[in-house]
Each structure stands twice: as structure tokens, then as C-alpha cells.
Amino acid sequence: MSTDTRTGPDGIDRCAWVGDDAEYRRYHDEEWGVPLHGDRALFEKMSLEGFQAGLSWITILRKRPRFREVFAGFDPAVVAQFDDEDVERLMADAGIIRNRAKILATISNARLVTELDDGELDAFMWSFAPPARRRPASFAEVPATTSDSDALSKALRTRGFRFVGSTTMYALMQSAGMVDDHVVGCWRAA
């Protein structure tokens, strides 16, 4: 086994970034790299990836239930109606990441999503998914950004979306299954 995979307590080899955390194992096995569709689901993913910027993903995973609660299940139509009072409510909630710029970006992004036709965000984002490629042999081969994430980021920013930088969009592409970066040796790579 390489240092890019790790055998879990259940005897299954996974990408090494999972470590020993049970929630990370579940996320890796059930979500990361699994194709995700739907405007609401992708809005949630975009929002959470934006909140993750500068932090570890496990922090976001552990706070995700509270994020879902306070952001109305990431229903763009509801979040788009949030006002200054809601921003202050969110800033006071220790169960989420209390970053005003990220909270405001999430609300602003929800407003932009509500201006789109049903299914348009999904189709738009997936149009940047690259064709399948060779599985990475190691994490050294996994990029932080690609020309595809650069293009998605630029296109979203042109439409007014915020906290959608190329690194953040590549992380979204990985987590939403637009790219599959499970390394050789991981059971998900089989």
C-alpha cells in the first residue's frame, strides 16, 4: 500500500486524506467523487466550499447540519430573501463559520441562482466537467486548479457569483463528481 492510501479500521483501503475520522470515511465513501446534480444541491456545495476557503473540509462537514438548518436547507429562494437581521443572526451562530463576507456571498449567490431557470445552474456547472482522465497514481498528481476550474470560476464570477475562485471550484468539481481524484489503490478507484 502506498502512502497515498490508508487502510481503515474496517480493513478497506481509502485515499489517505481520510485519516481515522469516521465522518471523513463516510464522506469519502458515499459523497466525494459521486456525481451530484440539482440546482439546490450544487448551490449548497458551492456555498459550503466557499465557507471552507482557508479552513479544513472536516470543519465544514462537522458544521454542515447546522449550516443546513440556518440556511433553510440551502433553498436558494429562501436564502435569497435573507436580510440584515438574518446576517446578524448568522454572525451570532457559533454552529457555523461566522465570516460576514462568506455569509453575504451566500445570500448574494442565492439571489443569482433564483434568476436562473430550473436546472440551469446544474447544466451550466456540469458543462465545465472535463472528460474522464487517467486516475491519479498519487496525490502529487492531483492539481489544486485546472484550466476547467479556472474557466468555471471565471464564468461564475462574470455572472456575479462570489467566493468561487479556481481552487474552490476545483474542490467543488472533486466533491460533486465532475472529476474523480480517488487515487490508485483506493477502493473507490476500482
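Residues numbered from 1 in each chain as written. Predicted model: local features only at pLDDT ≥ 70, side-chain atom pairs only at ≥ 80, totals over all residues. Heavy atoms only, no water.

### With respect to the nonpolar core
- Counting residues in each nonpolar core, the largest one holds 52 residues, and the members touching the most others are Met-46, Phe-67, Phe-71, Met-125 and Leu-156.
- Contributions of two or more residues to this core are made by helix H1 (22–30), helix H2 (39–52), helix H3 (57–70), helix H5 (84–91), helix H6 (100–114), helix H7 (120–126), helix H8 (147–158) and helix H9 (166–175).
- In terms of residues, this core owes the most to one element, H3, which gives six residues.
- Not counting residues within four places of it along the chain, the set of residues in contact with Met-125 comprises Leu-42, Met-46, Leu-152, Leu-156, Leu-172 and Met-178. (Core = buried A, V, L, I, M, F, W, Y, C linked by side-chain atoms within 4.5 Å. Buried < 20%, exposed > 50% of the residue type's maximum accessible area, 1.4 Å probe, protein only. Helix = DSSP H or I, 4+ residues; strand = E, 2+ residues; numbered from the N terminus. Contact = heavy atoms within 4.5 Å.)

### Some words on the packing of aromatic side chains
- One pass over the full model with this rule turns up ten aromatic pairs.
- Seen from their ring centres, Tyr-27 and Trp-57 are 5.8 Å apart, and the 45° between their planes marks the pair as tilted. Of this pair, Tyr-27 sits in helix H1 while Trp-57 sits in helix H3; the two residues are 30 residues apart in sequence, bridging distant segments of the chain. The burial state of Tyr-27 is the same as that of Trp-57; both residues are buried.
- The interplanar angle of 20° and the centroid separation of 6.2 Å between the aromatic rings of Phe-67 and Phe-71 together place this pair among those described as stacked.
- A residue is classified by how much of its surface remains accessible, and Phe-67, at 0% relative accessible area, is buried.
- Given a relative accessible area of 0%, Phe-71 falls into the buried group. (Phe/Tyr/Trp six-rings, centres within 6.5 Å; stacked < 30°, edge-to-face > 60°.)

### Some details on the layout of surface pockets
- Volume-wise, the largest pocket comes out at about 280 Å³.
- Lining the largest pocket, in full, are Trp-17, Tyr-24, Tyr-27, Trp-32, Glu-49, Gln-52, Trp-57, Phe-139, Val-142, Ala-171, Gln-174 and Ser-175.
- At three residues, H9 tops the list of elements feeding residues into the lining of the largest pocket.
- The class makeup of the residues in the lining of the largest pocket is eight nonpolar, three polar and one charged.
- In this model, the second largest pocket occupies a volume close to 160 Å³.
- In terms of lining, the second largest pocket is formed by Glu-30, Glu-31, Val-34, Pro-35, Leu-36, Ala-41, Glu-44, Lys-45, Leu-48, Arg-64, Arg-68 and Ser-175.
- If you list the elements that add at least two residues to the lining of the second largest pocket, you get H2 and H3.
- With four residues, H2 is the single largest residue contributor to the lining of the second largest pocket.
- When the residues that make up the lining of the second largest pocket are grouped by side-chain class, the tally is five nonpolar, one polar and six charged. (1 Å grid on protein atoms, 1.4 Å probe; cavity = no way out; pocket = protein on both sides within 12 Å on 5 of 7 lines; lining within 4 Å. Points joined across faces, edges and corners; volume = space filled by probe spheres on them. Nonpolar A, V, L, I, M, F, W, Y, C, P; charged D, E, K, R; others polar.)

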